[in-house]
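# A closer look at the structure
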Amino acid sequence: MANETEKRLKEMGIVLPRPPKPVGNYIPGVVVGNILYLSGTLGTRPDENDDDVLPYVGKVGTDLTIEQGYASARLMAINHLALMKAVLGDLDRVKRIVKMVGYVTCSAGFTQPHLVLNGASDLYVALWGEENGRHARAALTQHELGLNAPVEAELTVEIHG
């Protein structure tokens, strides 16, 4: 039987993919006490060969629109959910999203990374509500991110014991 959080995801039309594969020497997340620290992740999807691919690549403001960056951030959030499930075993253990530190690859002069990262933040609020989904956040611009990704973020999550 699906837990409550997964039922809400299903109602939202979201199917969790397998967690993205690490691209370096790190683990997806670490639990310390009642806090889950998730590693940075990208807006990837598994392809037909089960490789992680980026549907959106490049700089927001040059190669991509804000809307495409938003879509990439939403995919990134879905990957964070898949990582949460892999680390915790049950998404109902999530008590609240505490903080997101997000990075947006963008062209010089781009000043709206907050609109791009709303793709992730809006999903967390839709899933867990204003009280538990709304979080502290940093929205930083970057000249480049690994794999030519437009968006990456790390996440801090409070969990139930």
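Preceding this paragraph is the structure being described.
An account of the accompanying structure is given in this report. (Residues numbered from 1 in each chain as written. Predicted model: local features only at pLDDT ≥ 70, side-chain atom pairs only at ≥ 80, totals over all residues. Heavy atoms only, no water.)

### Comments concerning a nonpolar patch on the surface
Together, Ile27, Val30, Val32 and Tyr37 line one region of the surface with nonpolar side chains, adding up to about 360 Å² of accessible area. Of note, Ile27 is situated in the loop between helix H1 (4-11) and strand S1 (29-32). (Patch = residues over 30% accessible without salt bridge, like charges linked within 9 Å, V, L, I, M, F, W, Y side chains within 5 Å. Areas by Shrake-Rupley, 256 points an atom, 1.4 Å probe, with all protein chains shown as cover. Salt bridge = Lys/Arg side-chain N within 4 Å of Asp/Glu carboxyl O. Helix = DSSP H or I, 4+ residues; strand = E, 2+ residues; numbered from the N terminus.)

### With respect to the sheet that holds strand S5 (residues 94-105)
Pairing is mixed in the open sheet, where five strands are placed in the order S1-S2-S7-S5-S6. In the strand order of this sheet, the two ends are held by S1 and strand S6 (136-142), each with one partner. Adjacent strand axes in the sheet meet at a mean angle of 15 degrees, parallel and antiparallel pairs treated alike. Two elements, S1 and strand S2 (residues 35-42), share four bridges in a ladder whose sense is antiparallel. Residue pairing across strands places Val31 opposite Leu36, the latter belonging to S2. Taken strand by strand, helix H2 (residues 66-88) contacts S1, S2, S5 and strand S7 (151-159), and its axis lies near 140 degrees from that of S2. (Pairing = 2+ DSSP bridges. Axes fitted to C-alpha atoms, helices over the stretch in contact; angles between N-to-C directions. Contact = heavy atoms within 4.5 Å.)

### Observations regarding H2
The end-to-end C-alpha separation of H2 is 32 Å, in line with the 33 Å expected for 23 residues at 1.5 Å each. Looking one or two residues beyond H2, the residue adopting positive phi is Gly89, at roughly 85 degrees. (Expected span 1.5 Å × (residues − 1).)

### Remarks on unusual backbone geometry
One non-glycine residue with positive phi stands out, namely Leu147, at about 65 degrees. Positive phi outside glycine occurs at Asn148, with the angle close to 65 degrees. Tracing the sequence through the fold places Asn148 in the loop between S6 and S7.

### Examining the environment of Ile97
Mapped onto the fold, Ile97 is located in strand S5. On the basis of relative accessibility, which here comes to 0%, the residue Ile97 falls in the buried class. Sequence-wise, Ile97 and Ile159 are 62 residues apart; in three dimensions their C-alpha atoms are separated by 8.8 Å. Discounting residues that sit within four places of it in the chain, Ile97 has contacts with Met84, Tyr124, Trp128, Asn132, Gly133, Arg134, His135, Leu155, Thr156 and Val157. (Buried < 20%, exposed > 50% of the residue type's maximum accessible area, 1.4 Å probe, protein only.)

### Points about H1
Where H1 starts, the residue carrying a side-chain oxygen 3.2 Å from the main-chain nitrogen of Thr5 turns out to be Asn3. The positive-phi residue at the C-terminal boundary of H1 is Gly13, with phi of around 80 degrees. (Polar contact = N/O pair within 3.5 Å; in protein donor to acceptor, adjacent residues only side chain to side chain.)

### A short note on the side chain of Thr156
Along the chain, Thr156 turns up in strand S7. Those residues in contact with Thr156 that lie beyond four places of it in its chain are Ile35, Leu36, Tyr37, Ile97, Val98 and Lys99.

### Some words on the nonpolar core
By size, the foremost hydrophobic cluster in this structure holds 33 residues, and its most contacted members are Met84 and Tyr124. Mapped by element, the contributors of at least two residues to this core are S2, H2, S5, helix H3 (113-133) and S7. It is H2 that contributes the most residues to this core, eight residues altogether. Aside from chain neighbours lying at most four places away, what touches Met84 is Leu36, Leu38, Gly89, Leu91, Val94, Ile97, Trp128, Leu155 and Val157. (Core = buried A, V, L, I, M, F, W, Y, C linked by side-chain atoms within 4.5 Å.)

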